[in-house]
Amino acid sequence: MTGINKNNKCRRIRGWLSEAISRHFDPGAVWLQNHITNCPRCQRRLVSYGKVNLAISAIKSQPHKLDLLMCANAQAIGVLKHSLRHAQKAKKLRKIRPEPKLRERFGKYTSSAVNVAACIAIMLLMKIGVFSSMDTFQTQGQKVIKQYYVSRIGDDLADEIFPKDTELPPSANARSVANV
Amino acid sequence: MFGKTVSYGLLWDFAVSEAVSEDQQWILSTMHKHGQELITMLWRILGNEQDVCDAYQDTFLQLAHYEGGQRPEHVKAYIFRTANNVAISMLRRKVADKRRISTAIVTGKHVTSPAKELDSKYLQESLRDCIAQLPEHLRNVITLRDLAELSYAQIGRILGISAATARVYRCKALQILTIWMSKEEEK
């Protein structure tokens, strides 16, 4: 029974190893590592997946000559129709060189842009947070003082000192509406 | 009289060729738009500059003669699939040639050493050999995903399958490649 369970687990993990190697989920997960350390079959598989991954990376990292695109274009245009061969676009294509993609070109600025965005977000949050706290503080303070005056000198005099048409800050209004 | 006919004929030819070229300008636009991506993919599949140029030329020649010069509905899908097929055919021919030569030379026995295992060129060559032997549907996905670096959604559109299916095919292809590459080592 235990053997069957182990085999099932093995089979499941075999399917996940490729995903793990592709970094779709963390290959360092404890349960995965626990299994692999005790299973020689999965150890072999992990090594093999690593090797395939390494080979793919090696292939990707091999650069080609800068003029390869130019040469390939020239050769391909050479077998096209006469009229196409002499088109203005064809002349341009014969001299074209590979250009880095927009994402690659601006890739180096990504971290700086993210930092700036984070700073702006923090500043906005601070601003909103600070001002709303100040509003609340002011309203609550006014209420406490009014209560004090009401208890000491009565409603009429307190209303004179703190007239009812005095505009409360927007946050205070929102709060009072919510309370109602 | 004859001279006039010839000159009218030339004029007619010129007019027709101009019309055709007007129609087929899209080939040059396609070359401009997708050329770089195609070259990258072909270079990664073939690993040889002359082969890349030949495969690229074949691809655009096939595109120019597609149904009598018609524009395919999905040009990108067409050129990527064609380039892939052309490159794999070339790779298979190369692998077959290499095997024939290695069997002809008796002394050229396959010896695996730790140094060779780490040899990047050896790894690349064996991976290319294995990719060439994969079934077409798995091979297409692995080349488009890992060598051309297209997204699963793009691969799905090119091959006419869903992105999820492409993901499953890649997983399957990786499993097979793993088994084959470890077997190759044991040889």
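Residues numbered from 1 in each chain as written. Chains lettered and ligands numbered in written order. Predicted model: local features only at pLDDT ≥ 70, side-chain atom pairs only at ≥ 80, totals over all residues.

Draft legend 1. Layout of the environment of Cys171(B). Here Cys171(B) is to be found in helix H9 (residues 163–186). The spatial distance from the C-alpha of Cys171(B) to the C-alpha of Val141(B) is 9.7 Å, given a sequence separation of 30 residues. (Helix = DSSP H or I, 4+ residues; strand = E, 2+ residues; numbered from the N terminus.)

Draft legend 2. Quick peek at the interface of chain B and chain A. Residue-level contacts link 37 residues of chain B with 35 residues of chain A. Mapped onto the side of chain B that touches chain A, the elements with two or more residues apiece are helix H1 (2–23), helix H2 (25–46), helix H3 (49–64), helix H6 (120–133), helix H7 (136–147) and H9 of chain B. For the side of chain B that touches chain A, the element with the most residues is H2(B), which contributes 10 residues. Across the side of chain B that touches chain A, the residue classes tally to 19 nonpolar, 14 polar and 4 charged. (Contact = placed C-beta atoms within 7 Å. Nonpolar A, V, L, I, M, F, W, Y, C, P; charged D, E, K, R; others polar.)

Draft legend 3. Representation of the nonpolar core. Core analysis: the biggest nonpolar cluster contains 60 residues, and Leu42(B), Val52(B), Tyr56(B) and Ala87(B) have the highest contact counts within it. Per-element tally for this core: the top contributor is H2(B), with 10 residues. Those residues in contact with Tyr56(B), other than ones at most four positions away along the chain, are Ala72(A), Ala76(A), Leu38(B), Ile39(B) and Leu42(B). (Core = buried A, V, L, I, M, F, W, Y, C linked by C-beta atoms within 7 Å. Buried ≥ 20, exposed ≤ 12 C-beta atoms within 10 Å, placed from the backbone.)

Draft legend 4. Up close: the confidence of the model for chain B. Residue and element names in this part refer to chain B. Confidence along chain B averages 81 in pLDDT terms, with 78% of residues attaining 70 or more. No element of chain B has a lower mean pLDDT than H1, at 47, and none a higher one than H7, at 93. The model gives residues 1–21 a pLDDT under 50, and that stretch makes 11 contacts with residues more than four places away or in other chains. Predicted complex metrics record ipTM = 0.75 and pTM = 0.64. (pLDDT = per-residue confidence, 0-100.)

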